[in-house]
Amino acid sequence: MSGSSAPRFAFMRSPVLLTVAALLSCMPSSQAENPLLFISAFAADEKGGIHAFSFDLKQGSLHPLHVTTGIQNPFFLAVSPDRRFLYAIDAEKFGGDEDEWVVSYAIEGRTGKLRRLNRQSSAGTASCYLDVDRTGQCVLVANYSTGSVAALPVRGDGSLGPAASFMQHSGSSIDPQRQKGPNAHCIVVSADNRFAFAADLGIDKIMIYRLDAATATLTPNETQPYVTLAPGSGPRHLAFHPDGSHLYVINELKNTITLFEYANETGALSERQTFPTLPADFSGRSHTADLKITPDGKFLYATNRGHDSIAVYRIAADGSLTLIGIEPSRGKGPQNLLITPDGRWLICANMPGNQVVVFKIDATSGQPAATGAHVALPMPSCIRPLERPDALPT
């Protein structure tokens, strides 16, 4: 600091500024801790982008902050564990002949702005899912059309290196339209960061990989390389229970959820039960999409596209599910869900309905009630939270 700048700094500490600082320091902690939400708009050209919102945990309302453009068809998003970086799919022609991209961004504090770092090939097409390992050292991607998964190393500045590991799935199943070959739809990392699980809709399998995050390396799990679901199930998304001992898979084609026990020492899965997501008397066309579990592990929510609803389950101590209600999604094609970190709010992205809808969760019953709060957004496909943005630099 030069000699002339020190007096200026002293002068700026005026009574007015001190008063403003005091008022800011007295802001309610709940307001200061409101999470940021990043929501992808799955569209090309100027409609495609990543929308940032502040979410009011008291009122359950969404407040727009910024839109990041220059990205096309960003179907899925993931945030690094240290909350400094965001990763997104970038596809000029989603599911086309050319490999798509994973883009890395630096998150610019509480502003909702994203600064592009770089991009690397996803090593496949119709790239539809991203996850970051618990240490932030690698990003995993699932490629639907080409039926593969890959692991990309994360550099010290948050940018991505080329894929260090690539796994091509093979096989088919009984649905002549949807299961002609492998279609990897999801890949998630276990809580202990030792395994990665990939749901493949086209072959009715959950592939199990050992994960070396430091080298971004996937290898088939020698104890159990995969588990097979009932023919025609179409496993789509996976979710671990907060206790780490149970894994749930939502099956797109059969409109069911299958519960597995998870052995963290070996990475093995043991199938327990399968539960329906639709009313018994429903005879129309519908396919599931996403599932999420409350932070306290008491309730699970699953989306039905076609029936356009959210199935609500109570989770027992042994992980089993009891269907306690089916709530309209208040929009067409519920694609993705988010439960806020406090467990009080459920947010639903109705992708073809071009709308994001807020529900309040009853802490006792688990039932979600639409609040009337919603925002219009072109093809919202993925919602990801950034917790405690107040702790980030501006």
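Provided above is the structure to which this section pertains.
Reference entry: report on the structure contained in this document. The structure displayed is predicted, hence computed values, not measured ones. (Residues numbered from 1 in each chain as written. Predicted model: local features only at pLDDT ≥ 70, side-chain atom pairs only at ≥ 80, totals over all residues. Heavy atoms only, no water.)

Brief notes about the overall build of the chain
For the record, the criterion: Numbering of helices and strands runs from the N terminus, with a helix taken as a DSSP run of H or I at least four residues long and a strand as a DSSP run of E at least two residues long. The globule rule used here is 2.2 Å times the number of residues to the 0.38 power, and the radius of gyration it is set against is calculated over C-alpha atoms. Here's how the labels work: a residue is buried when its accessible area is under 20% of the maximum for its type, exposed when over 50%, partly exposed in between, all with a 1.4 Å probe on protein chains only. In what follows, residue pairs with any heavy atoms lying within 4.5 Å of each other are defined as contacts. Only the protein chains shown count as cover for residues, and all accessible areas are computed by the Shrake-Rupley method using a 1.4 Å probe.
Along the backbone of the chain there are three helices and 29 strands. Expected size for 394 residues packed as a compact globule is a radius of gyration near 21 Å; at 22 Å, the chain falls within 12% of this value. Judged by the C-alpha coordinates and their principal axes, the chain covers about 75 × 45 × 45 Å. Counting all 394 residues of the chain, 54% fall into the buried class. A fraction of 49% describes how many contacts in the chain between residues 6 or more apart in sequence connect residues 24 or more apart. Total accessible area on the chain is roughly 16400 Å²; 53% of this is exposed by carbon and sulfur atoms.

Observations regarding the side chain of Gln179
In plain terms, the rule: Between N or O atoms, a polar contact is any pair within 3.5 Å; within protein, one atom must be a potential hydrogen donor and the other a potential acceptor, and residues adjacent in sequence are included only when both atoms are from side chains.
Here Gln179 is to be found in the loop between strand 11 (165-168) and strand 12 (184-189). Residue class for Gln179 comes out buried when judged on its relative accessible area of 1%. A polar contact is formed between the side chain of Gln179 and the backbone nitrogen of Ile174, at a distance of 3.3 Å. What Gln179 contacts, discounting residues up to four positions off in sequence, is Ser172, Ser173, Ile174, Leu201, Gly202, Asp204, Gly232, Ser233, Gly234 and Leu253.

Some thoughts on the nonpolar core
Keep this limit in mind: We call a set of buried Ala, Val, Leu, Ile, Met, Phe, Trp, Tyr and Cys residues a nonpolar core when their side-chain atoms join them within 4.5 Å.
Formed by 73 residues in total, the largest nonpolar core has its most connected members in Leu86, Phe197 and Leu218. With residues near it in sequence (within four places) discarded, Leu218 still touches Leu140, Val149, Ala150, Ala151, Ser165, Met167, Ile187, Ala196, Tyr209, Arg210 and Leu211. Grouped together as the second largest cluster of nonpolar side chains are 15 residues, Phe53, Leu338, Ile347 and Ile383 included.

Notes on the layout of surface pockets
Applied cut-off: With a 1 Å grid laid over protein atoms only, a set of points is called a cavity when a 1.4 Å probe fits there but cannot get out and a pocket when it is open yet has protein on both sides within 12 Å along at least five of seven lines; lining residues have an atom within 4 Å of a point. Grid points are joined across faces, edges and corners, and a volume is the space filled by probe spheres set on the points. Polar here means any residue outside two lists: the nonpolar Ala, Val, Leu, Ile, Met, Phe, Trp, Tyr, Cys and Pro, and the charged Asp, Glu, Lys and Arg; Gly therefore counts as polar.
Here the largest pocket defines a volume of roughly 1200 Å³. Going through the elements one at a time, strand 4 (77-79), strand 8 (127-132), strand 12, strand 17 (235-240), strand 21 (287-293), strand 25 (334-339) and strand 29 (380-386) are the ones with two or more residues in the lining of the largest pocket. Residue composition of the lining of the largest pocket, grouped by class: 23 nonpolar, six polar and eight charged.

Quick notes on the pattern of salt bridges
Heads up, the rule is: What makes a salt bridge here is a side-chain nitrogen of Lys or Arg within 4 Å of a carboxyl oxygen of Asp or Glu, nothing more.
As enumerated under the stated definition, the model contains 14 salt bridges in all. Among the ionic pairs, Arg305 bridges to Glu252, the shortest N-O distance being 3.3 Å. Here Arg305 is found in strand 22 (residues 299-305), whereas its partner Glu252 is found in the loop between strand 18 (246-251) and strand 19 (256-263), with 53 residues between them in sequence. Accessibility assignment for this pair places Arg305 and Glu252 in one class, buried. The shortest N-O distance in the salt bridge between Arg272 and Asp318 comes to 3.4 Å. Taken as a pair, Arg272 in strand 20 (residues 268-276) and Asp318 in the loop between strand 23 (309-315) and strand 24 (321-328) lie far apart in primary sequence, 46 residues in all. Exposure remark for Arg272: the relative accessible area of 29% places this residue in the partly exposed category. A single network of salt bridges, built from pairs that share partners, joins Arg178, Arg236, Glu252 and Arg305.

Side note on the packing of aromatic side chains
Note the following rule: Stacked, tilted and edge-to-face are the three classes assigned to paired rings of Phe, Tyr and Trp, where Trp is represented by its six-membered ring and a pair needs centres within 6.5 Å; plane angles under 30 degrees give stacked, over 60 edge-to-face, the rest tilted. To sit over a ring, a charge needs its Lys NZ or Arg CZ within 6 Å of the ring centre and within 35 degrees of the ring normal.
Enumeration according to the criterion identifies nine aromatic pairs in this entry. Pairing Phe42 with Phe75 gives two aromatic rings, centres 4.9 Å apart and planes at 80°, and the pair type is edge-to-face. Placement of the pair is Phe42 in the loop between strand 1 (36-41) and strand 2 (49-56) and Phe75 in the loop between strand 3 (61-68) and strand 4, with a sequence separation of 33 residues. Aromatic rings pair up to connect Phe195, Phe197, Phe240 and Tyr262 into one cluster. Of note, Arg119 hangs over the ring of Trp101, and the distance from its end group to the ring centre comes to 3.8 Å. The ring of Tyr226 has Lys205 sitting right over it, with the charged end atom 4.0 Å from the ring centre.

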